[in-house]
Amino acid sequence: MVISTEDESIAGVARGLGVEVPFLRPAHLAADETPMLDVLTDLVASLERIERYRPDVLVLLQPTSPFRRAGHIDAAVDLLTSTGADSVVTVVPVPHQFTPSSLMQLHGDRLVPCSEGGSTRRQDKPLLFARNGPAVVAVQTRIVTERHTLYGPDTRGLVMAREESFDIDDAFDLEVAERLMASRT
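Below: a short report on this structure.

The rules behind the values
- Residues numbered from 1 in each chain as written.
- Predicted model: local features only at pLDDT ≥ 70, side-chain atom pairs only at ≥ 80, totals over all residues.
- Heavy atoms only, no water.
- Helix = DSSP H or I, 4+ residues; strand = E, 2+ residues; numbered from the N terminus.
- Expected span 1.5 Å × (residues − 1).
- Buried < 20%, exposed > 50% of the residue type's maximum accessible area, 1.4 Å probe, protein only.
- Arc of directions from axis to C-beta.
- Phe/Tyr/Trp six-rings, centres within 6.5 Å; stacked < 30°, edge-to-face > 60°.
- Salt bridge = Lys/Arg side-chain N within 4 Å of Asp/Glu carboxyl O.
- Core = buried A, V, L, I, M, F, W, Y, C linked by side-chain atoms within 4.5 Å.
- Contact = heavy atoms within 4.5 Å.
- 1 Å grid on protein atoms, 1.4 Å probe; cavity = no way out; pocket = protein on both sides within 12 Å on 5 of 7 lines; lining within 4 Å.
- Points joined across faces, edges and corners; volume = space filled by probe spheres on them.
- Nonpolar A, V, L, I, M, F, W, Y, C, P; charged D, E, K, R; others polar.

Given 3.6 residues per turn, any residue in an α-helix points the same way as the ones three and four places further on. Taking 1.5 Å per residue, 14 residues should reach 20 Å; helix H3 (residues 70-83) reaches 20 Å between its end C-alpha atoms and fits that length. Along H3, the residues classified as buried are His72, Ala76 and Leu80. Along the axis of H3, the buried residues cluster in a sector spanning 70 degrees; they form a single face. Structural note: H3 exposes Ala70, Thr81 and Ser82 on the side pointing more than 90 degrees away from its buried face.

Here it is as structure tokens:
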């Protein structure tokens, strides 16, 4: 396992846990706006250049998914390798009130449905899924380096429960996550 970080203190914690940190990420790839694809592309190129090593599979674990478990990571890699898929991404069922048949737009002060003929009964709405952060992405390295995407043509979904799929994007999310963690101890 290798970690990509620009922060020496994070690198130190990772090393203390037995994770390899062969180099620090360049500062220009450490901004909030930096696309993750650029970070992974640089990681693969740096591993090839510095370590003379090219992994077959990349597993992206973003720190904003605190309720992901080791079993989710193992399941994603197992699904990727057992099916020969290009990518596996964790997903969560979309609550019925957010499916297309429930969505509306405001035109002035008038609500207009986003889709025609939508069902109003929860039981009749289709079960849809959304990426949950994503908490885990397992991808064949060639998909990142050759196709410049995390999601190849054969992308599989690994369903995670709603309570495991919490994603921290802002201060409010962090506060909710801290409360959830405190209630579990």
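In this model, Gly133 is joined to Pro134 through a cis peptide bond whose omega is 0 degrees. Residue position: Pro134 is located in the loop between strand E5 (129-131) and strand E6 (137-140). A positive phi angle is found at His148, which is not glycine, with a value near 55 degrees. When you line up the elements, His148 lands in the loop between helix H4 (141-147) and strand E7 (155-159).

Another aspect to go through is the packing of aromatic side chains. When we look at a pair of aromatic rings, we describe it by the centre distance and by the angle of the planes. For the structure on display, the rule yields one aromatic pair. Centroid distance Phe67 to Phe166: 6.4 Å. Interplanar angle 70 degrees. Geometry classified as edge-to-face. With Phe67 in the loop between strand E1 (57-60) and H3 and Phe166 in the loop between E7 and helix H5 (171-184), the pair connects residues that are 99 residues apart, well separated along the chain.

Let us look at the pattern of salt bridges. Applying the stated criterion across every chain, the model contains five salt bridges. Between Glu8 and Arg15 there is a salt bridge; the shortest N-O distance is 2.8 Å. Judged by relative accessible area, Glu8 falls into the partly exposed class, the value being 45%.

Attention now goes to the nonpolar core. Counting residues in each nonpolar core, the largest one holds 14 residues, and the members touching the most others are Leu40, Leu43, Leu58, Val137, Val139, Val144 and Leu150. When residues of this core are assigned to their parent elements, the largest contribution, four residues, is made by helix H2 (residues 36-51). In contact with Val139, other than residues within four places in its own chain, are Asp56, Val57, Leu58, Leu80, Asp86, Ser87, Val144 and Leu150. Within the second largest apolar cluster, nine residues are counted, among which are Ala85, Val88, Ala138 and Leu158.

Reported here for the largest pocket is a volume of approximately 1400 Å³. Around the largest pocket sit 36 residues that line it, and Val2, Ile3, Ser4, Leu60 and Leu61 are the ones nearest its centre. For the lining of the largest pocket, the elements supplying multiple residues, two or more each, are helix H1 (8-16), H2 and E1. Its boundaries defined by the atoms lining it, the second largest pocket holds a volume of some 240 Å³. Val92, Pro93, Val94, Pro95, Ala130, Arg162, Glu163, Ser165, Phe166, Asp167 and Leu180 together form the lining of the second largest pocket. Residue composition of the lining of the second largest pocket, by class: seven nonpolar, one polar and three charged.

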